[in-house]
Amino acid sequence: VDVEVKTANVNDVLEALTASTDPRRIEYAENLLARLESALSNGEAPRYPDEDSYLNTLRVIGSTGSVQKIAKAKAVLWRMKDNLTELSKQNKKKEKIVAVFNEFIRVCTSYSAQTEQEGMPVLKEALIALELMRSFNELQPNAATYSELLDACHNLLPVGKARASFVERVFTLCCVDGMVDAIVLARLRAAATAQQYSLLVVSRSEEIEGAKVVPEHWTTNALGGKVISVDGRTTVPLGVDGRPTTTMAMQEFKMRRLRDKRNQK
């Protein structure tokens, strides 16, 4: 039938394969992605791969228990990296590209490691993906990136010095990037011991109106927005337990804005 196949059509099939149980689903997905990449090389615009093409291919790979899935997922991620310039031209929103990196980390997390020796190389691949993302100026790891990495620490390494070291490294980078949110704190609590959580979060907390909250700069990019309090704060204070905290300064600022609105009787 003389019908032009477009990227969206191929992506629909890739998405369907994520729900398939066919043992050959990885092979099918890889072949479809290769056809899109071939079209990109030949300048066949209607069939260029996009972020969803890579995302769904990674989801297909992650849905299997294959021992080779980390190597296959890494190959897909690196192929996307090679086409990153073209993908950036197609889509100005970088969040979807970041989502592909996050999906690769999720594949790593799903790997069934029985020992620290098995889990360590997989976790290192996830961290390499993070560093690769950070190396591109236009890409910014988000809160989901760090929550997935903390989940990877929890799932791939047993409790011990190695896990504690990686957990601290990931959380420190998350704080530097201002990407701490409630989910990150929940994943940190699961991956760290109570003592380490207290050391990393509670001991560094600030006190606002009797409540302990994490430093504002930890959450700036994850939760930041407009000014919400009289002291110029731009993020809702996040308690050390992960719960948002409403302060009197925020309530006062809200009432002041209501009183200052024009056309109010």
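Relevant structure appears above.
Residues numbered from 1 in each chain as written. Predicted model: local features only at pLDDT ≥ 70, side-chain atom pairs only at ≥ 80, totals over all residues. Heavy atoms only, no water.

Trainee: Which residues make up the overall build of the protein chain, and what values go with them?
Mentor: Counting secondary structure elements, the protein chain contains 13 helices and two strands. Taking all 265 residues of the protein chain together, 44% fall into the buried category. A fraction of 64% describes how many contacts in the protein chain between residues 6 or more apart in sequence connect residues 24 or more apart. For the protein chain, the accessible surface area stands at approximately 14,200 Å², while carbon and sulfur atoms represent 50% of it. (Helix = DSSP H or I, 4+ residues; strand = E, 2+ residues; numbered from the N terminus. Buried < 20%, exposed > 50% of the residue type's maximum accessible area, 1.4 Å probe, protein only. Contact = heavy atoms within 4.5 Å. Areas by Shrake-Rupley, 256 points an atom, 1.4 Å probe, with all protein chains shown as cover.)

Trainee: Give a detailed account of the packing of aromatic side chains, specifying residues and quantitative values.
Mentor: To describe a pair of aromatic rings, you give the distance between the ring centres and the angle between the ring planes. Applying the stated criterion across every chain yields a total of one aromatic pair. Residues Phe 171 and Trp 218 carry aromatic rings whose centres are separated by 5.4 Å and whose planes lie at 90° to one another, so their mutual orientation is edge-to-face. Linking Phe 171 in helix H9 (residues 161-176) with Trp 218 in helix H12 (residues 216-223), this pair joins segments that are 47 residues apart in sequence. As far as burial versus exposure is concerned, Phe 171 and Trp 218 are alike and both buried. (Phe/Tyr/Trp six-rings, centres within 6.5 Å; stacked < 30°, edge-to-face > 60°.)

Trainee: Please give an account of the environment of Ser 165 that cites residues and values.
Mentor: Structurally, Ser 165 can be placed in helix H9. For the pair Ser 165 and Ala 192, spaced 27 residues apart in sequence, the C-alpha to C-alpha distance is 9.8 Å.

Trainee: Break down the nonpolar core for me, with residues and values.
Mentor: Core analysis: the largest hydrophobic core is formed by 70 residues, its most contacted members being Met 80, Phe 101, Tyr 146, Phe 171, Leu 188 and Val 201. Those residues in contact with Met 80, other than ones at most four positions away along the chain, are Tyr 54, Leu 87, Ile 97, Val 100 and Phe 101. (Core = buried A, V, L, I, M, F, W, Y, C linked by side-chain atoms within 4.5 Å.)

Trainee: Before we move on, can you summarise the side chain of Asn 56 with the specific residues and values?
Mentor: You can see Asn 56 is positioned in helix H3 (residues 51-62). Its relative accessible area of 7% is what places Asn 56 among the buried residues.

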